[in-house]
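Fold and contact review
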Amino acid sequence: MAFETVKKNLEARGFSVKTFDTAAEAAAYLDGVIDGVSVGIGGSLTVQEMGLHEKLAAHNTVHWHWTDGQEARAKSAGADVYITSANGLAETGEVINIDGFGNRVASTLYGHKKLYFIIGRNKLAPTYDEALWRARNIAAPKNAQRLGKKTPCAVKGDRCYDCKSPERICRSLVVLWGPSMSLDTEIVLVDEDLGL
Ligand code: SF4
């Protein structure tokens, strides 16, 4: 996939962008540039699939609630570096995330020296509306299904039903039109399918 258009549009909005053909190459890059710092990781199948936690933990202090216990959520909020993915990326440059706890989207707005989004080609959609649709109707239902939630979307993982379930995982929506003023934000685009 050609990332030229989305790269140009992201850079015009103030994001730094790196592109890679493979997840392995992206992981090697991040393993090289993130060194000797504290790192927070948001819930991310992309990060898990890349084996990035294991690599970074060898020479950084890493806080990830998926591997390091629930207290890692609070510790990751104050980390130097934060890493997550996106639920949708518009070719026009908007970065879209939906969250349940809110820790992941909060960390994409404030509180770190450096923020990395690792985004596979499957997250890309031509327009903002289509990227938002993807986040709501593909990523969120599949995540609800993966987590075994008692929500209508989890039955088939087919679409969002805008449920009012107590187990609803979609509690907040954050759209980055650009990086927050205090936050050096880099988008790592990978020409492979990663995450949901
Ligand atoms: S709002 Fe409810 S139905 Fe829609 S994706 Fe989220 S959990 Fe599923």
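Structure shown above.
Residues numbered from 1 in each chain as written. Predicted model: local features only at pLDDT ≥ 70, side-chain atom pairs only at ≥ 80, totals over all residues. Heavy atoms only, no water.

Bringing the overall build of the protein into the picture now. Helix and strand counts for the protein stand at nine helices and ten strands. By the compact-globule yardstick of 16 Å for 196 residues, the protein fits well, its C-alpha radius of gyration being 16 Å. Counting only C-alpha atoms, the protein reaches 45 × 40 × 30 Å along its principal axes. Every one of the 196 residues in the protein was classed for burial, and the buried ones make up 52%. For the protein, contacts bridging at least 24 residues in sequence account for 72% of all contacts bridging at least 6. In the form shown here, the protein has an accessible surface area of approximately 8,900 Å², with 54% of it arising from carbon and sulfur atoms. Put simply, the protein has 23 plus and 24 minus side-chain charges, and the middle of one group is 8 Å from the middle of the other. (Helix = DSSP H or I, 4+ residues; strand = E, 2+ residues; numbered from the N terminus. Rg over C-alpha atoms; globule rule 2.2 N^0.38 Å. Buried < 20%, exposed > 50% of the residue type's maximum accessible area, 1.4 Å probe, protein only. Contact = heavy atoms within 4.5 Å. Areas by Shrake-Rupley, 256 points an atom, 1.4 Å probe, with all protein chains shown as cover. Lys, Arg positive; Asp, Glu negative; His and termini not counted. Charge placed at Lys NZ, Arg CZ, Asp CG, Glu CD.)

Bringing the site of the ligand into the picture now. Lining the immediate surroundings of the ligand are Arg-136, Ala-140, Pro-141, Thr-151, Cys-153, Cys-160, Tyr-161, Asp-162, Cys-163, Arg-168, Ile-169 and Cys-170. Top element by residues in the shell around the ligand is helix H8 (residues 128–146). It accounts for three residues. Its residues assigned to classes, the shell around the ligand comprises eight nonpolar, one polar and three charged. (Near = heavy atom within 4 Å. Nonpolar A, V, L, I, M, F, W, Y, C, P; charged D, E, K, R; others polar.)

This brings us to the sheet that holds strand S2 (residues 38–41). Pairing is parallel across the open sheet formed by six strands, whose spatial order is S1-S10-S7-S4-S2-S3. The open sheet has two edge strands with one neighbour each: strand S1 (16–20) and strand S3 (61–64). Strand-to-strand, the axes of this sheet are offset by a mean angle of 20°, without reference to chain direction. Bridge analysis of S2 against strand S4 (residues 81–84) gives three bridges, and the strand direction is parallel. (Pairing = 2+ DSSP bridges. Axes fitted to C-alpha atoms, helices over the stretch in contact; angles between N-to-C directions.)

This part takes up the sheet that holds strand S9 (residues 172–176). Pairing in this open sheet of four strands is mixed, and the strands run S8-S5-S6-S9 from one edge to the other. Each of the sheet's edge strands pairs with one partner strand only, and the pair in question is strand S8 (124–125) and S9. For strand S6 (residues 95–99) and S9, the ladder comprises five bridges, and the chain directions are antiparallel. Paired with Val-95 across the two strands is Leu-176, which belongs to S9. Packed on one face of the sheet, H8 meets strand S5 (88–90), S6, S8 and S9 and runs near 25° to S6.

A general feature of soluble globular proteins is that nonpolar side chains tend to end up buried together. In this structure, Leu-52, Ile-83, Ile-118 and Val-188 are the most contacted members of the largest nonpolar core, which totals 22 residues. Looking at this core, the elements with two or more residues in it are helix H2 (23–33), S2, helix H3 (45–50), helix H4 (52–57), S3, S4, strand S7 (114–120) and strand S10 (184–190). Tallying contributions element by element places H2 first for this core, with five residues. Residues within four places of Leu-52 in sequence aside, it is in contact with Ala-27, Leu-30, Val-47, Ile-83 and Ile-118. In this structure, Leu-10, Tyr-82, Val-95 and Ile-119 belong to the second largest nonpolar core, which totals 19 residues. (Core = buried A, V, L, I, M, F, W, Y, C linked by side-chain atoms within 4.5 Å.)

On to the packing of aromatic side chains. Tallying each qualifying case throughout the model produces two aromatic pairs. Arranged with centres 5.2 Å apart and planes meeting at 25°, the rings of Trp-64 and Trp-66 form a pair that is stacked. Accessibility expressed as a relative area gives 2% for Trp-64, which makes it buried. Judged by its relative accessible area of 30%, Trp-66 is partly exposed. The ring of Phe-101 carries the charged tip of Arg-73 above its face, separated from the ring centre by 3.7 Å. Its guanidinium or amino end placed over the ring of Tyr-161, Arg-159 lies 3.9 Å from that ring's centre, counting from NZ or CZ. (Phe/Tyr/Trp six-rings, centres within 6.5 Å; stacked < 30°, edge-to-face > 60°. Lys NZ or Arg CZ within 6 Å of the ring centre and 35° of its normal.)

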